[in-house]
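Here is how the chains run, residue by residue.
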Amino acid sequence: ETVMTQSPATLSVSPGDTVTLSCRASQSVSSNLAWYQQKPGQPPRLLIYGASIGATGYPTRFSGSESGTDFTLTISSLQSEDSAVYYCQQYNDWPPTFGQGTRVEIK
Amino acid sequence: EVQLVQSGAEVKKPGESLRISCKASGYSFTDYWIGWVRQMPGKGLDWMGSIYPGDSDTKYSPSFQGQVTISVDKSSNTAHLQWRSLKASDTALYYCARSGSGYNYPSAEWGQGTQVTVSS
């Protein structure tokens, strides 16, 4: 099973900041990596798939990148509505596995 | 519009059985894998297993193999997640999610979640 490790666990940021969330896979997952946003009381929302492809209707301030087994989600010009937990997920191998999440808090 | 509508919250006692459901609409039900995801209180996401309604091909994550049963009813475009004997540790929020034409796809559509509480 591929283990996904996210860092940091929590980020406290101000509106307008640019934030970077990291996700590392324990083995190659190719580009089969997705990012989800989950707000309290809501199901996860797909933001990015294929490591860097924006999902339909996603805000363009969210972008994804990859370098080997390291993946990054960047949120530019952070808005208050971006307060949420963000999960990475590899879907290259069975079973699909999620990172433990990064909580983004707005100061 | 693709929609996944899940059944309502359940409160059960340990040892009881339970089946929750996920009714799909807005697309060809038999052409896409549907998975089930567990979220324990205050925790992250765990993929439990997936099923392809077209031929009922089912895959389970090792942690959930033998613990739950995933099935579909093609006549009602509904996927089910079933327990034969619930434990307190099954208390969680359960989501269904649509994958792609293969199980190794991300999930853009999710149900609203079904809260399952197991307590004596």
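Our subject in this report is the structure included herewith. (Residues numbered from 1 in each chain as written. Chains lettered and ligands numbered in written order. Predicted model: local features only at pLDDT ≥ 70, side-chain atom pairs only at ≥ 80, totals over all residues. Heavy atoms only, no water.)

**Structural notes on the overall build of chain A**
Assigned secondary structure in chain A consists of zero helices and 11 strands. Sequence-ordered secondary structure for chain A, helices as α and strands as β, is β-β-β-β-β-β-β-β-β-β-β. For 107 residues, the compact-globule estimate of 2.2 N^0.38 gives 13 Å, and the C-alpha radius of gyration of chain A, at 13 Å, lies within 12% of that figure. Oriented by its inertia axes, the alpha-carbon framework of chain A measures out at about 35 × 25 × 25 Å. (Helix = DSSP H or I, 4+ residues; strand = E, 2+ residues; numbered from the N terminus. Rg over C-alpha atoms; globule rule 2.2 N^0.38 Å.)

**Structural notes on the sheet that holds strand E3 (residues 19-25) of chain A**
All names here are of chain A. Ordered in space as E1-E3-E8-E7, the four strands form an open sheet in which the pairing is antiparallel. A strand with exactly one partner marks an edge of an open sheet, and here the two such strands are strand E1 (4-7) and strand E7 (62-67). Across the sheet, the mean angle from the axis of one strand to that of its neighbour is 20 degrees, orientation sign disregarded. Relative to strand E8 (residues 70-75), E3 runs antiparallel, the two sharing six bridges. Across the sheet, the residue bridging to Thr20 is Thr74, located in E8. (Pairing = 2+ DSSP bridges. Axes fitted to C-alpha atoms, helices over the stretch in contact; angles between N-to-C directions.)

**Observations regarding unusual backbone geometry**
A:Ser7 connects to A:Pro8 through a cis peptide bond whose omega is -10 degrees. Of note, A:Pro8 is situated in the loop between E1 and strand E2 (10-13). Cis geometry is adopted by the peptide bond preceding A:Pro95, which originates at A:Trp94 and carries an omega value of 0 degrees. Tracing the chain through its elements places A:Pro95 in the loop between strand E9 (84-90) and strand E10 (97-98). Positive phi is not limited to glycine here, since A:Ser77 has a value of about 50 degrees. Structurally, A:Ser77 can be placed in the loop between E8 and E9. The exposure class of A:Ser77 is partly exposed, given its relative accessible area of 45%. One non-glycine residue with positive phi stands out, namely B:Asn77, at about 50 degrees. Tracing the chain through its elements places B:Asn77 in the loop between strand E7 (69-73) and strand E8 (78-83). The class of B:Asn77 is partly exposed, set by a relative accessible area of 26%. (Buried < 20%, exposed > 50% of the residue type's maximum accessible area, 1.4 Å probe, protein only.)

**Topic: the sheet that holds E7(B)**
Residues and elements named next belong to chain B. Taken together, the four strands give an open sheet; going across it, the order is E1-E3-E8-E7, and neighbouring strands pair in antiparallel fashion. Only two strands of the sheet have a single partner each, and these edge strands are strand E1 (3-6) and E7. Neighbour-to-neighbour, the strand axes of the sheet open up by a mean angle of 20 degrees, direction not taken into account. Sheet analysis places strand E3 (residues 18-25) next to E8, joined by six bridges and oriented antiparallel. Across the sheet, Lys23 pairs through a bridge with Thr78, a residue of E8.

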